[in-house]
Structures are given as structure tokens and as C-alpha cells.
Amino acid sequence: MKRVLFSVIFLISVFAKAHGQQDLPKNKFKLFSRAEISYLFGINDVYDAQKVNSLHVKFVIGSANQITGFGIGLENSSYRAANGDGLSFETLNFSANAHILAKPVATAEINYFIKAATGYAPRIFRNYSKGFNYEVSPGILFTTKRKSKYFLQAIYQYQEIENFFLADGQPKIKAIGLGVGTWF
């Protein structure tokens, strides 16, 4: 699955370079930011036949032209067993993010995008877990009459939890869900 994520990021880079040479002024990168909240449903058994659902709050800041962008992200995630009992994890993920839009971001029309992120959650606080993670998200970008931009996205996420105290190895959480956010 790591190969798939790296392939998506590579394709975004290739398309960005090709599209940038055809339609966009060269090197017109500007600062962008995204704030999003999402809820994901576990699709695999993590430990002892338990699925894990999660709530995510993520902020990304970076540099983008009209079609593509690259940035760094900070995401706080809370994982809980789907039945309400049992497993519970918290992570604070730092990630590298990339996105590509179907149309220039300045357009007021409905726009489509795909974004990908990969990163690591270090154990900064005592109750937080650490581990590798990645996500891929296609979505729709809306522009309001006041030029505010909001998006709706579908998400696939993978999160490893290192040093799990109840079992040998690493729990691997796979989840799908929906998210909403703002795009500045």
C-alpha cells in the first residue's frame, strides 16, 4: 500500500509539471492552507476482533500554484473501538501533503481534486501513540458567492500503532470515511 501512496504522489508531481508548462505562469506559487475535520470507519479488525473508528482534525499549510500544491500537515486523531469498549488510541501526525485540482483554484465553478499525505506520529505526549500513516482523498471543492472555498472528501487512511502494549507487533488500522473543510 505504501507503493500506491508514493505512486499517487509521483503522478501528482508529473501532472503538475506537465500542466504547469502548458497553461500556467511559471513559478507562480502562493501560500495556501486547509483546515478539515473527518470521521472514519474501521474496515479491518485491529485487535481481538475489534474495528476502530476515528475522528480527525487536520491543518495543512504549504505552497501551491493554480492546479497543484505541496505542504506540511498536523493532524490530531482519536481512535476508538466501534462498539465503544476496548481499544483507544490518540495520535498527533506530522505529514507531507500533495494535491492536484481538475481546474484552477481561482475558478468559481465546482472543482474536483485528489490529495495524498504520508507521515509519522511521534509519541510527544504520554497518552499518545506513535506510528507511520498515509491517506488518499478524492473530493469536490465548492466556492460560495463570497469567494470562500469549502470541500467535501472521501478518505482512505492507514495508520500503524507502534509499541502496542497488549500484543506483539503493530496494530494496523485501515479506515474509510468522509470529511469537510475549508480551503484558503
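Scroll up for the structure.
Draft legend 1. Up close: the overall build of the protein chain. Looking only at helices and strands, the protein chain has one helix and eight strands in total. Beginning at the N terminus, the succession of helices and strands in the protein chain can be written as α-β-β-β-β-β-β-β-β. Counting every position in the protein chain, which comprises 184 residues, the buried fraction comes to 48%. Restricting the contact set of the protein chain to residue pairs at least 6 apart, pairs at least 24 apart contribute 59%.

Draft legend 2. Here's a closer look at a nonpolar patch on the surface. On the surface, a nonpolar cluster with roughly 1100 Å² of combined accessible area is contributed by Ile37, Tyr39, Phe41, Leu55, Val57, Phe59, Ile110, Tyr112, Phe142, Tyr150, Leu152 and Val180. Inspection of the secondary structure puts Tyr39 in strand E1 (residues 30–42). A relative accessible area of 38% places Tyr39 in the partly exposed class.

Draft legend 3. Representation of the pairing of strand E8 (residues 172–183) within the structure. Bridging between E1 and E8 involves nine bridges; their strand directions are antiparallel. Bridge pairing in E8 links Ile37 to Val180. Judged from the eleven bridges that link them, strand E7 (residues 149–160) and E8 form a sheet pairing that is antiparallel. Across the sheet, the residue bridging to Phe151 is Gly181, located in E8.

Draft legend 4. Representation of the side chain of Thr143. Turning to its location among the elements, Thr143 is positioned in strand E6 (residues 131–143). For Thr143, the side chain forms a polar contact with the side chain of Lys149, separated by 2.7 Å.

Draft legend 5. Structural view of the pattern of salt bridges. Counted under the stated rule, the structure contains seven salt bridges. The residue Asp45 makes a salt bridge to Lys51 at a minimum N-O spacing of 3.1 Å. Assessed through its relative accessible area of 46%, Asp45 is described here as partly exposed. Across the pair Glu135 and Lys115 runs a salt bridge, and its minimum N-O distance is 3.7 Å.

Draft legend 6. Spotlight on empty space enclosed by the protein. Taken as a whole, this structure holds one cavity of 30 Å³ or more when the rule is applied. Of the volumes computed, that of the largest cavity is approximately 30 Å³. Together, Lys58, Glu75, Ser95, Ala117, Thr118, Asn133, Tyr134, Glu135 and Gln157 line the largest cavity. By residue number, the principal contributor to the lining of the largest cavity is E6, which donates three residues. Grouping the amino acids of the lining of the largest cavity by side-chain chemistry returns two nonpolar, four polar and three charged.

Draft legend 7. Region of interest: the sheet that holds strand E4 (residues 88–101). Around the barrel, which closes on itself, the eight strands sit in the order E1-E2-E3-E4-E5-E6-E7-E8 with antiparallel pairing between neighbours. Taking the axes of each pair of neighbouring strands and ignoring which way they run, one obtains an average angle of 25 degrees across the sheet. Relative to E6, strand E5 (residues 111–121) is paired through eleven bridges, and the arrangement is antiparallel. Bridge pairing in E6 links Tyr112 to Ile140.

Draft legend 8. Spotlight on the environment of Phe125. Tracing the chain through its elements places Phe125 in the loop between E5 and E6. Owing to a relative accessible area of 46%, Phe125 belongs among the partly exposed residues under this scheme. Sequence separation of Phe125 and Glu90 is 35 residues, and the distance between their C-alpha atoms is 9.6 Å.

Reading the values: the criteria
- Residues numbered from 1 in each chain as written.
- Predicted model: local features only at pLDDT ≥ 70, side-chain atom pairs only at ≥ 80, totals over all residues.
- Heavy atoms only, no water.
- Helix = DSSP H or I, 4+ residues; strand = E, 2+ residues; numbered from the N terminus.
- Buried < 20%, exposed > 50% of the residue type's maximum accessible area, 1.4 Å probe, protein only.
- Contact = heavy atoms within 4.5 Å.
- Patch = residues over 30% accessible without salt bridge, like charges linked within 9 Å, V, L, I, M, F, W, Y side chains within 5 Å.
- Areas by Shrake-Rupley, 256 points an atom, 1.4 Å probe, with all protein chains shown as cover.
- Salt bridge = Lys/Arg side-chain N within 4 Å of Asp/Glu carboxyl O.
- Pairing = 2+ DSSP bridges.
- Polar contact = N/O pair within 3.5 Å; in protein donor to acceptor, adjacent residues only side chain to side chain.
- 1 Å grid on protein atoms, 1.4 Å probe; cavity = no way out; pocket = protein on both sides within 12 Å on 5 of 7 lines; lining within 4 Å.
- Points joined across faces, edges and corners; volume = space filled by probe spheres on them.
- Nonpolar A, V, L, I, M, F, W, Y, C, P; charged D, E, K, R; others polar.
- Axes fitted to C-alpha atoms, helices over the stretch in contact; angles between N-to-C directions.

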